[in-house]
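Results of the structural survey
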Amino acid sequence: MNIIGIHDGHNSGASLIVDGELKFAIAEERLTRNKNEYGFPIKSINYCLNKYQLKKKDIHYIAVSTINLPPKYFAIKRNTSMSISDYINEQEKYWYPKIYEKKKVKYLKIFKNKILKKKDIFYDLKKIKNEDDMKGMNKIRKEFISNFFKIDQNKVIFFDHHKCHAFYGYFSSNFKDKSNLAIVTADGGGDGKNGTIWIKKNSKLKQIYKTNICNIGRIYRYVTLILGMKPTEHEFKVMGLAGYGVKNSNYYDYTNKVFSETLDCKGIKFYYKKKPRDLFFHFRKKLENQRFDAIAYSLQKFTEELLNKWFLNISLKYGIKNFIFSGGVAQNIKATKKILENKNINSIFIPPGPGDESLCIGAAYCLLEKIKFKPTKNITLIPPYTGTSYSEKDLNFILKNKNFYTRKVNAHDVAKILNKGFPIAIFSLDKSEFGPRALGNRSIIANPKNLNILHTINKYVKVRDFWMPFAPSILAEKFNKYIKFNKNVKPIFMTNSFDTTKEGRIDLQAASHPFDKTARPQIVYKNYNERFYNIIKRFEKISGISAVLNTSFNLHGEPIVESPRDALKTFKNSGLKYLYIGDYLVQKN
């Protein structure tokens with residue numbers, strides 16, 4: 001049984017499940033090199049078929065996430081092509097006249113210079129009634145996918161956006177043996193919802209609540225834009241900035257009030273204390289002339305308190321102590337840290353890539369349930385390496401390049417370079433990691449104790465905001481040495497945040513938040529990633545430090561590198577001196 005999972009909206013991608021086992025999954029942006037790729041994921045699908053020597057006729061079902069997607073977003077690849085100024089124009093020239101002036105406004109007239117040619121969209125948008133005809137869009141999506149795979153349309157099945165989030169979170173977890181379990185989803189929106197709750201009963205997931213006013217994700221998105229950063233991409237920067245706030249300070253009284261007087265929840269349901277006419281213009285007016293750091297702090301405080309209240313209410317009403325959290329809002333690691341600190345909650349699992357990039361996997365899991373297929377192997381994303389892989393022959397173009405000095409090395413050699421104070425990019429020929437976090441196969445690593453390395457990586461490599469923290473990858477057996485960790489959570493995917501120990505605040509100085517000393521760690525198990533584990537182990541023997549600083553191997557604004565050619569290009573265009581790729585160390589002359 002071969003199933004292809006597809007997500008063709010924001011953060012598109014594809015997955016392959018063979019007889020119930022997840023074989024492959026990747027975000028399309030990794031292959032197109034366009035951040036937040038939107039649309040039919042043709043490169044992911046073709047790689048998947050070629051890698052596993054499958055012909056289109058070998059595919060039995062196509063599972064597609066998200067039933068309703070607006071044609072206008074396909075026409076311009078909205079999240080891929082939009083700049084910050086475009087998002088401002090979207091609000092001022094489309095939404096303001098539509099909401100406040102009750103005018104009929106054509107979206108694509110505003111962005112006519114961004115409209116793509118049919119060959120870049122794949123779908124024939126001339127067949128739809130208008131730019132908001134989602135029913136017509138669904139029809140042409142199904143027709144195109146059916147024709148592309150030469151498969152009956154009855155075998156192309158669409159699934160609800162939030163069901164895909166929930167099923168992805170559940171089936172990729174190691175929580176499936178828990179009977180006392182709730183799956184919660186929250187995001188900016190999809191298929192008319194932005195929040196759901198599912199309870200596990202008799203080994204099946206039952207949806208008990210859905211809403212379109214769980215507007216935490218939307219509020220965070222619009223405030224990100226108000227702060228001059230890119231929505232659906234830079235929310236993590238706002239969260240990092242918020243960490244510099246001082247608790248219990250009356251400096252934030254006004255900004256705290258702006259957020260707390262709007263959205264709230266009673267029991268498990270959301271409601272508005274005062275409902276704004278819209279979110280962007282409401283908060284822009286209310287926050288005018290307020291300091292950027294106060295806005296970030298109060299937004300994050302509001303998010304943490306509201307999510308914590310919601311999860312606690314779910315726990316109290318249903319007697320639930322174990323949670324899975326999926327959807328874009330689940331990427332707010334400071335909020336999930338707050339939830340986990342609640343004495344009523346034992347554990348919370350955040351899957352790798354809980355945003356829309358994982359919907360292609362969730363759709364495939366939904367299909368397995370629909371056709372009542374019982375897999376012979378346990379479905380999981382642990383370890384999370386599901387992407388592209390390469391062989392040593394794929395490195396020939398590097399070995400022949402006379403502009404670099406290249407030699408074979410081992411983990412000990414890499415550790416010595418780290419100990420000398422140099423960051424080093426590492427690229428494994430094994431499968432790339434799934435999701436937005438580099439987990440040792442497409443990473444830049446450094447000595448986590450060396451504060452000087454922050455300036456080097458920020459200025460010469462990542463070109464990132466000075467206030468943003470890096471993250472540590474820690475040997476499994478030494479995790480408690482650095483992280484305050486007392487609940488049933490194993491942060492394999494860098495999707496949780498924790499306080500650091502006294503030793504952690506020393507050894508992880510460059511790999512934790514500079515102000516609040518929290519860390520977003522990765523536990524590194526030898527049986528999950530032996531190559532990465534051995535590098536850290538060798539570094540420990542030389543330095544006494546049981547961790548490395550780990551950040552994604554990419555330049556700012558670009559996707560994580562996927563192929564050896566991506567790796568060399570990024571290496572050449574960065575200030576890095578060393579690249580460890582396969583078994584070779586590449587050094588700039």
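Summary of the structure given here.

Side note on the sheet that holds strand β11 (residues 322–326)
On the basis of which strands lie adjacent, the open sheet formed by 5 strands has the order β8-β7-β6-β11-β12 and mixed pairing. Only two strands of the sheet have a single neighbouring strand rather than two, namely β8 (204–211) and β12 (347–349). In this sheet, neighbouring strand axes are inclined to one another by 25° on average, regardless of whether the strands run parallel or antiparallel. Of the strand pairs in this sheet, strand β6 (residues 181–190) and β11 are connected by 5 bridges, and their pairing is parallel. What sits directly across from I183, in β11, is I324. Contacting β6, β7 (193–201), β8, β11 and β12, helix α9 (residues 161–171) runs over the sheet at an angle of about 140° to β6.

Here we look at helix α15 (residues 333–340)
Owing to its 3.6 residues per turn, the α-helix aligns residues three or four sequence positions apart on the same side. Counting buried positions along α15 gives 7 out of 8 residues, so the element sits mostly inside the fold. The set of residues buried in α15 consists of I333, K334, A335, T336, K337, I339 and L340. Of the surrounding secondary structure, the elements contacted by the buried residues of α15 are α11 (235–242), α14 (292–318), β11, β12, β17 (498–499) and β18 (518–519).

Some points on the sheet that holds strand β16 (residues 471–475)
Sheet architecture is open: 8 strands sit in the order β13-β22-β21-β14-β15-β20-β16-β19, paired in mixed fashion. Unpaired on one side and paired on the other, β13 (404–408) and β19 (522–524) mark the two borders of the sheet. Taken pair by pair, the neighbouring strands of this sheet meet at an average axis angle of 30°, ignoring direction. Strand direction decides the pairing type here: β16 and strand β20 (residues 547–552), joined by 4 bridges, are antiparallel. Of the residues in β20, the one forming a bridge with P472 is L549. Together, β15 (442–446) and β20 form the strand contacts of helix α19 (residues 452–462), whose direction differs from that of β20 by roughly 20°. On top of the sheet, helix α23 (residues 564–572) reaches β13, β14 (424–427), β21 (578–581) and β22 (584–588); it is set at about 170° to β21, its chief contact.

Section: α14
Helix length check: α14 (27 residues) gives 39 Å between terminal C-alpha atoms against 39 Å at 1.5 Å per residue, within 8%. Just past α14, the residue G319 takes up positive phi, approximately 65°.

Brief notes about the environment of Q290
By the element assignment, Q290 lies in the loop between α13 (280–286) and α14. A sequence separation of 96 residues divides Q290 from T386, and the C-alpha atoms of the two residues are 44 Å apart. Excluding anything up to four places from it in sequence, Q290 contacts Y254, T255 and I295.

Let's talk about the pairing of β7
In the case of a regular strand, side chains alternate between the two sheet surfaces. Within β7, 8 of the 9 residues are buried, leaving the element largely enclosed by the surrounding structure. In this structure, β6 lies alongside β7, joined through 6 bridges in antiparallel fashion. Pairing of T185 across the sheet is with T196, part of β7. In this sheet, β8 lies alongside β7 in antiparallel orientation, the contact comprising 7 bridges. Residue pairing for β8: G195 is matched across the bridge by T211.

Things to note about the packing of aromatic side chains
Applying the stated rule across the entire model yields 44 aromatic pairs. Seen from their ring centres, F24 and Y47 are 5.4 Å apart, and the 25° between their planes marks the pair as stacked. Linking F24 in strand β3 (residues 21–27) with Y47 in helix α2 (residues 42–51), this pair joins segments that are 23 residues apart in sequence. Summarising the aromatic geometry, the rings of F404 and F571 are spaced 5.8 Å apart at their centres and angled 40° between planes, so their arrangement reads as tilted. Of the two residues, F404 sits in strand β13 while F571 sits in helix α23, which places them 167 residues apart along the sequence. Exposure remark for F404: the relative accessible area of 11% places this residue in the buried category. Feature note: the residues Y38, F40, F74, F122, Y123, F144, F148 and F149 constitute an aromatic cluster, connected by ring pairs. One Lys or Arg, K72, reaches over the ring of Y107 and ends 5.1 Å from the middle of that ring.

Digging into a positive patch on the surface
Among the surface-exposed residues, R407, K416, K420 and K577 lie close enough to one another that they form a single positively charged patch. If you trace the backbone, K577 turns up in the loop between α23 and β21. Given a relative accessible area of 34%, K577 falls into the partly exposed group.

Focus: the side chain of H513
By secondary structure assignment, the location of H513 is in the loop between α21 (502–507) and β18. Polar contacts involving the side chain of H513 include one to the main-chain amide nitrogen of D516, which spans 3.4 Å. Not counting the four nearest positions on each side in its chain, H513 is found in contact with G240, G243, Y244, K334, P469 and T518.

Things to note about the side chain of N342
Positionally, N342 belongs in the loop between α15 and β12. Other than its neighbours up to four places away in sequence, N342 contacts N308, L312 and K487.

Some thoughts on unusual backbone geometry
Residue R33 is not a glycine yet carries a positive backbone phi of 70°. Mapping R33 onto the fold places it in the loop between α1 (29–32) and α2. One non-glycine residue, N36, lies in the positive phi region at around 60°. For N36, the location among the structural elements is in the loop between α1 and α2. The class for N36 is buried, based on a relative accessible area of 5%.

Each value, and the rule that gives it
Residues numbered from 1 in each chain as written. Predicted model: local features only at pLDDT ≥ 70, side-chain atom pairs only at ≥ 80, totals over all residues. Heavy atoms only, no water. Pairing = 2+ DSSP bridges. Helix = DSSP H or I, 4+ residues; strand = E, 2+ residues; numbered from the N terminus. Axes fitted to C-alpha atoms, helices over the stretch in contact; angles between N-to-C directions. Contact = heavy atoms within 4.5 Å. Buried < 20%, exposed > 50% of the residue type's maximum accessible area, 1.4 Å probe, protein only. Expected span 1.5 Å × (residues − 1). Phe/Tyr/Trp six-rings, centres within 6.5 Å; stacked < 30°, edge-to-face > 60°. Lys NZ or Arg CZ within 6 Å of the ring centre and 35° of its normal. Patch = residues over 30% accessible without salt bridge, like charges linked within 9 Å, V, L, I, M, F, W, Y side chains within 5 Å. Areas by Shrake-Rupley, 256 points an atom, 1.4 Å probe, with all protein chains shown as cover. Salt bridge = Lys/Arg side-chain N within 4 Å of Asp/Glu carboxyl O. Lys, Arg positive; Asp, Glu negative; His and termini not counted. Charge placed at Lys NZ, Arg CZ, Asp CG, Glu CD. Polar contact = N/O pair within 3.5 Å; in protein donor to acceptor, adjacent residues only side chain to side chain.

The values are spatial; any link to function lies outside them.
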